[in-house]
Amino acid sequence: MFKGSFPALVTPFKNGALDLDALKHLVEWHIEQGTHGLVPVGTTGESPTLSHEEHRQVVEEVIKAVRGRIQVIAGAGSNNTAEGIGLIRHAEAVGADAALVVTPYYNKPTQAGLIAHFTALHDACTLPIVIYNIPGRSVVDMTPETMGVLARLPRIIGVKDATGKIERVSQQRAACGRDFIQLSGEDATALGFNAHGGVGCISVTANVAPKLCAAFQEATLKGDYAKALEYQDRLMPLHEAIFIEPGLAGAKYGLSLLGKCSEEVRLPLVGLTDGTKAKIRAAMEFAGIL
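Conventions we followed
Throughout, a residue's number is its position along its own chain's written sequence, starting from 1. For this predicted model, a pLDDT threshold of at least 70 governs which residues receive local features, and a threshold of 80 or more governs which side-chain atom pairs are given and counted, while totals over whole chains, interfaces and linings are taken from all residues. Water and hydrogen atoms were dropped before computing side-chain values, which therefore reflect all heavy atoms in the structure. Relative accessibility under 20% of the residue-type maximum defines a buried residue, over 50% an exposed one, and the middle range a partly exposed one, all with a 1.4 Å probe and only protein chains included. By the criteria applied, helices consist of DSSP H or I runs no shorter than four residues and strands consist of E runs no shorter than two, each listed in order from the N terminus. Any two strands with at least two DSSP-identified bridges between them are counted as paired. When the strands point away from the viewer and the connection leading from the first strand across the helix to the second strand turns clockwise, the crossover is called right-handed. We call a set of buried Ala, Val, Leu, Ile, Met, Phe, Trp, Tyr and Cys residues a nonpolar core when their side-chain atoms join them within 4.5 Å. Pairs of residues are marked as contacts when any of their non-hydrogen atoms sit within 4.5 Å.

In strand β9 (residues 181-184), alternate side chains face the same way, and those of Ile181 and Leu183 on one face and Gln182 and Ser184 on the other are all buried. Note: strand β8 (residues 156-161) against β9, four bridges, orientation parallel. Each residue of the ladder has a partner; that of Val159, found in β9, is Gln182. Taken together, the two bridges between β9 and strand β10 (residues 200-203) define a ladder with parallel strand orientation. Following the sheet pairing, Leu183 is matched in β10 by Gly200. Running through helix α8 (residues 190-195), the crossover from β9 to the neighbouring parallel element β10 is right-handed.

Set out below in structure tokens:
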């Protein structure tokens, strides 16, 4: 079962190219810090601006570096079903534990189209699949009823829910069953998400504060919400600061302050403004990680 803190791993760059040494060091650091699993090449991993070759290379390098010590959920989403099948088959071939598949963006499929898309990917491989529902980016929202239909397929095992709607957890428990794995895709509301029945978070903030985010998740999974609230209070300014501008840029800047990778991002994203940098630094100091 996938539960706990799963950083949506950044992809380090150096002079425009993949920085694989930094990537491997990030993997080791996350394992040392208590991270429960990693999610390479999601949106936070800058999948939109990675080539297909780079996408596959990052997935493969992360799995090699992990060496089975924690779980790896590989990003394998596309708005082109055939392309998605190629990505998920590659993730399966190189040893991923599961695939994260986003709802197709830009072409705005109907609910029937979503069912057909995810069914095609399910039937093309033997990997467990986690649905990634993020209407704010994909401009399509998978309803709990549609998710319930897909949950009947044996390898559609869960959802990364980035709707920001806490009630969705309860609605999806009703539609998909209590064993359906629900992971938050929004750091700031992860406390309430787990209280409703979620079991973890695919987190941007956990790139910068892996130990705190892992401890926060462990507290909720033990039912110790008083302890979890203490962690939430420490982390909330960082959750907010990282997302003032695109979250992956915020996460990379935070990591640069820790000496873990450069803050370099690819166009059309650009580096952070000085004001946002100051707020991230202050939030990291408040959390006790800087």
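Quick look at the nonpolar core now. Ranked by internal contacts, the top residues of the largest apolar core, which has 42 residues, are Val62, Ile88 and Ile131. Looking at this core element by element, the count peaks at six residues for helix α2 (residues 52-66). Ignoring sequence-local partners within four residues, the contact set of Val62 consists of Leu9, Leu23, Val27, Leu38, Pro40 and Val72. Grouped together as the second largest cluster of nonpolar side chains are 34 residues, Ala22, Ala215, Leu238 and Leu255 included.

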